[in-house]
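# Analysis of the macromolecular model
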Amino acid sequence: MRRRRNGLVAAFVAALSFATAACAGVEPWRRSRLAPPHMALDACPENRRLREHVYESREGTVPAERRGGGGCGCT
Amino acid sequence: MRAAGLVISAVAAASAATAVEPGQAAPACSLSAFGDARGVELRDYRGSVLLVDFWASWCAPCARAFPLLNELERDFGRRGFAVLGVNLDEDPAQGAAFAARYSPRFRLAADPEGDCPRAFGLWTMPSSYLIDSRGVVRAVRQGFLPGEARALREQIQELLAEVQGPQVGATR
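Structure report, in brief.

The rules we used
- Residues numbered from 1 in each chain as written.
- Chains lettered and ligands numbered in written order.
- Predicted model: local features only at pLDDT ≥ 70, side-chain atom pairs only at ≥ 80, totals over all residues.
- Contact = placed C-beta atoms within 7 Å.
- Helix = DSSP H or I, 4+ residues; strand = E, 2+ residues; numbered from the N terminus.
- Nonpolar A, V, L, I, M, F, W, Y, C, P; charged D, E, K, R; others polar.
- Buried ≥ 20, exposed ≤ 12 C-beta atoms within 10 Å, placed from the backbone.
- Pairing = 2+ DSSP bridges.
- Axes fitted to C-alpha atoms, helices over the stretch in contact; angles between N-to-C directions.
- Right-handed = clockwise from strand over helix to strand, strands pointing away.
- Expected span 1.5 Å × (residues − 1).

Attention now goes to the interface of chain B and chain A. Counting from both sides, the interface comprises 14 residues of chain B and, opposite them, 10 residues of chain A. Looking at the side of chain B that touches chain A element by element, the count peaks at three residues for helix α1 (residues 2-17) of chain B. Grouping the amino acids of the side of chain B that touches chain A by side-chain chemistry returns 11 nonpolar, two polar and one charged.

Let us now look at unusual backbone geometry. Residue and element names in this part refer to chain B. In this structure, the amide linkage connecting Met125 to the following residue, Pro126, adopts the cis form with an omega of -10 degrees. Note that Pro126 resides in the loop between α4 (115-120) and β6 (127-131). Its identity as a non-glycine residue notwithstanding, Ser103 has a phi of 50 degrees, on the positive side. Overall, the presence of 9 C-beta atoms within 10 Å leaves Ser103 in the exposed class.

With that settled, consider the sheet that holds β6 of chain B. Residues and elements named next belong to chain B. Pairing within the open sheet is mixed, and its five strands lie in the order β5-β4-β3-β6-β7. The open sheet terminates on both sides in strands that have one partner only, identified here as β5 (107-110) and β7 (137-142). Geometrically, the sheet is characterised by an average inter-axis angle of 20 degrees between neighbouring strands, direction not taken into account. Pairing analysis gives seven bridges linking strand β3 (residues 49-55) to strand β4 (residues 81-87), with the strands arranged parallel. Opposite Asp53, over in β4, you have Gly85 as the bridge partner.

With that out of the way, let us pick up the pairing of β4 of chain B. Residues and elements named next belong to chain B. Burial analysis of β4 places six of its seven residues in the buried class, the great majority of the element. In the classification by handedness, the crossover that spans β3, the intervening helix α2 (residues 60-76) and the parallel β4 is right-handed. Where β4 and β5 come together, four bridges link them in parallel fashion. Looking across to β5, one finds that Asn87 is bridged to Ala110. As for the winding sense of the linkage, the β-α-β connection from β4 through helix α3 (residues 92-102) to β5 is right-handed.

For helix α5 (residues 149-164) of chain B, which comprises 16 residues, the first-to-last C-alpha distance of 22 Å matches the rise-based estimate of 22 Å (1.5 Å per residue) to within 8%. Note on α5 of chain B: the residue one or two positions beyond its end, Gly165 of chain B, has a positive phi of about 75 degrees.

As structure tokens, then:
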């Protein structure tokens, strides 16, 4: 029983080691590396706007996230 | 589970152990030139009260701190106090553009390799360290809070009083 428990602990520590090995620390004064536009959640805002424009043109409405509307084109 | 706890505690203790705290000697730092200002070492300021402020161009609170740092330099600069702004940008051009925009009136230096903040154990931006005339860190500030300006001024005045000693002939 005890041997099995030790094995589980060893497996947990090994898994933790593997998981943390995948993490790269960023020093506080190097956080500019996280600030470029391509690191944003919306990496390509222009592409998104273009897609929305095409969607509006084809569907005759506006995306739901922008404003309310019934899809009749009159709002 | 206890083993995992020990590992996490050890990592936390190791990172905390490297941070310079009030009462500890300021680490020796050799800083390179910034713009027209020549390089400087922290020990050059022995005998003066020094506020070391670490900043970078991408750090918005750093910009908000500059007016206060200008005021401190103006108000105490002739009494044995100095502000030293240490730019940590990897690209010196970005730091120079930032400085041109926000017009610091205190001395600037650069440390693009990050050796000095590493020695201080800096963990957030901006951070500032108030160092007394003997080279001992007396106060550490992480981030910039405008409400702390008054307390900072009082600390500077106390440290300047230590340097200058009691005023001879002072009356109550």
